[in-house]
Amino acid sequence: MTVPVFVLVALAGGAGATVRFLLDRAIRARTGAAFPLGTVLINCSGSLLLGVIAGLAARAVLPEAVHLVAGTGFLGGYTTFSAASVETVALLAGRRGALAVLNGLVVPVVTVLLAAVGLGIAAIG
Amino acid sequence: MPDSHSRTLPLAAAVFAGGTAGTSLRAGIGLVVPSLHAVPVATIAINVVGAFALGLLLATLGRRGSDTGGRRTIRLLLGTGVLGGFTTFSALAVDTAVLAGRGQSLEAVLYCAGTVLAGLAAAAAGSRIGGAR
C-alpha cells in the first residue's frame, strides 16, 4: 500500500465512522434503545457492499486502491464489531435473552449470507 | 431540537478523528500481520481486543457519571470513533463467505463463530473490569 492510499484509507475510515454515528443516532431516535437496530442495519448493509467490492476487486474489475479505500477504509470504519459485541452483552445483562441471541448469533450469520450475496452479485456484474 | 443540531458538528468531528485513527491502526496491523491458511488472524485479534476495550471504556465512563459533556466526547472519540473504526464487521462477514466459497468450511465456521464468541467474552470481561470499583 502506497502512502497516499494509506492516508485515503484512514480518512475514508473516519468518514465511514461518521456516517455510522449519524445513521445510528437517526435510527435510535425513531426506534428507541431496546434493540440496537442501527448497528444491525449498518453491519448488514456494510457486509453486502463489501462483498460486492471485494468480488469486483477479485475479478480485477475494480482497481486494488479503490478496494482498499472503499472496503478496508470506508466500510471497515462504517461497520463495527466492538459495538455489536458490547450491545449483545448489554442485552444479556438486561435479561433480554431472545434479543441477545438474535443480535449475537443470528445477525452474524445474516451478515455472512449478505456478504455471499454481494460476492455473487459481483460475479455476475 | 435546534440545540442538539448545533452540537452535532463537534460530535461528528470527534467520531471522524477517532475513526481515522482507528482505521489507520487496523490497516497498519493488516499490512504487518499476514493471514494464516487464508484465515485473517489480524482481524480476529483486532476485533477481540477492540470489543474488550469498548466494554472497558463504556463501563468506566458509566461508572464515572452520566453521558454528557467531556465523558460524551471521550465516548464518541475513543468508542464510536477509534474502536468503532478499529474493529470491523464487514471484513469478518466477507472473509467468512470467501472461506466458505473456497470449500474451507471448517475454517469459515471456526473463524466466524470463534471471533463472535471471543468478542462477547472480551466485551463482558472489559465491562466487568471497567465497572468494578
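Residues numbered from 1 in each chain as written. Chains lettered and ligands numbered in written order. Predicted model: local features only at pLDDT ≥ 70, side-chain atom pairs only at ≥ 80, totals over all residues.

J.: Hey, could you run me through the overall build of chain B in this one?
T.: Broken down by element type, chain B carries 6 helices and 0 strands. Walking chain B from its N terminus toward its C terminus, one meets helices and strands in the order α-α-α-α-α-α. Taken over 133 residues, chain B has a buried fraction of 50%. Partitioning the intrachain contacts of chain B with sequence separation of at least 6 by distance along the chain shows that 77% fall at a separation of at least 24. (Helix = DSSP H or I, 4+ residues; strand = E, 2+ residues; numbered from the N terminus. Buried ≥ 20, exposed ≤ 12 C-beta atoms within 10 Å, placed from the backbone. Contact = placed C-beta atoms within 7 Å.)

J.: For this particular structure, what's the right way to read the overall build of chain A?
T.: When helices and strands are tallied, chain A shows 5 helices and 0 strands. Ordered by position in the sequence, the α and β elements of chain A form the string α-α-α-α-α. Principal axes of the C-alpha set define a box for chain A whose edges measure 45 × 30 × 25 Å. The proportion of buried residues among the 125 residues of chain A is 53%. Considering only contacts within chain A whose residues lie at least 6 apart along the sequence, 74% involve residues at least 24 apart.

J.: How should the interface of chain A and chain B be read in this particular structure?
T.: By a widespread convention, an interface's size corresponds to the accessible area lost as its parts come together. Residue-level contacts link 43 residues of chain A with 42 residues of chain B. Listing elements by their share of the side of chain A that touches chain B, those giving two or more residues are helix H1 (3–31), helix H2 (37–58), helix H3 (64–78), helix H4 (82–93) and helix H5 (97–124) of chain A. A class-by-class count of the residues in the side of chain A that touches chain B yields 23 nonpolar, 19 polar and 1 charged. (Nonpolar A, V, L, I, M, F, W, Y, C, P; charged D, E, K, R; others polar.)

J.: It is not clear to me how the packing of helix H2 (residues 8–32) of chain B against helix H4 (residues 69–86) of chain B should be interpreted in this structure. Could you clarify?
T.: Two packed helices can be described by the angle between their axes and the distance between those axes. All names here are of chain B. Relative orientation of the contacting elements H2 and H4 amounts to 35 degrees, with a least axis distance of 6 Å. Once H2 is placed against H4, the crossing between them reads as right-handed. Facing Leu11, Ala14, Val15, Ala17, Gly18, Gly19, Ala21, Gly22, Thr23, Leu25 and Arg26 of H2, the residues of H4 in contact are Thr73, Leu76, Leu77, Leu78, Thr80, Gly81, Val82, Leu83, Gly84, Gly85 and Phe86. Residue composition of the contact of H2 with H4, by class: 12 nonpolar, 9 polar and 1 charged. (Axes fitted to C-alpha atoms, helices over the stretch in contact; angles between N-to-C directions. Left-handed = near helix turned anticlockwise from the far one by under 90°.)

J.: Sorry if this is basic, but what is going on with H4(A) here?
T.: An α-helical turn contains 3.6 residues, so any two residues separated by three or four positions project in the same direction. Over its 12 residues, H4(A) runs 17 Å from end to end, which matches the ideal 16 Å to within 8%, given 1.5 Å per residue. Of all 12 residues in H4(A), 10 are buried, a share of seventy percent or more. All buried positions along H4(A) are accounted for by A:Ser82, A:Ala83, A:Ala84, A:Ser85, A:Val86, A:Glu87, A:Thr88, A:Val89, A:Ala90 and A:Leu91. On its buried face, H4(A) sits against H2 and H5 of chain A together with helix H3 (41–64), H4 and helix H6 (105–131) of chain B. (Expected span 1.5 Å × (residues − 1).)

J.: Where do I start with H4(B) in this structure?
T.: Residue and element names in this part refer to chain B. A rise of 1.5 Å per residue sets the reference length of H4, with its 18 residues, at 26 Å; its end C-alpha atoms lie 24 Å apart and thus fit the reference within 8%. The principal kink in H4, of about 25 degrees, is found at Leu76. Where H4 is concerned, the buried positions are Arg75, Leu76, Leu77, Leu78, Gly79, Thr80, Gly81, Val82, Leu83, Gly84, Gly85 and Phe86. (Bend = angle between axes of the 7 residues up to and from the residue.)

J.: Hey, could you run me through the environment of A:Val19 in this one?
T.: All names here are of chain A. Inspection of the secondary structure puts Val19 in helix H1. Take Val19: there are 19 C-beta atoms within 10 Å of it, and that puts it in the partly exposed class. Separated by 104 residues in sequence, Val19 and Ala123 place their C-alpha atoms 28 Å apart.

J.: Help me out: how do you make sense of the packing of H4(A) against H5(A) in this one?
T.: Residues and elements named next belong to chain A. Contact pair H4 / H5: the axes reach a minimum separation of 8 Å and the direction vectors enclose 165 degrees. Taken together, H4 and H5 sit at an angle that is classed as roughly antiparallel. For the pair H4 and H5, the sense of crossing is left-handed. Facing H4, whose interface residues are Glu87, Thr88, Leu91 and Leu92, H5 presents Leu99, Ala100, Asn103 and Gly104. Taken together, the residues of the contact of H4 with H5 break down into 4 nonpolar, 3 polar and 1 charged. (Parallel < 35°, antiparallel > 145°, perpendicular 65-115°, else oblique.)

J.: Looking at this model, I keep getting lost on the nonpolar core. Mind explaining?
T.: Generally speaking, soluble globular proteins have nonpolar side chains that are buried together. Counting residues in each nonpolar core, the largest one holds 74 residues, and the members touching the most others are A:Ala115, B:Leu54 and B:Ala123. Among residues more than four places away in sequence, those in contact with A:Ala115 are A:Ser47, A:Leu48, A:Leu50, A:Gly51, B:Ala93, B:Val94 and B:Ala97. (Core = buried A, V, L, I, M, F, W, Y, C linked by C-beta atoms within 7 Å.)

J.: Would you take a moment to explain the confidence of the model for chain B for this structure?
T.: It should be kept in mind that the predicted coordinates are not to be read in detail where pLDDT is low. All names here are of chain B. Of all residues in chain B, 95% attain a pLDDT of 70 or more, and the chain-wide mean is 94. The weakest mean pLDDT in chain B belongs to helix H1 (residues 2–6) at 50; the strongest belongs to helix H5 (residues 90–101) at 98. Here the complex is predicted with pTM 0.95, and the ipTM for its interfaces comes to 0.96. (pLDDT = per-residue confidence, 0-100.)

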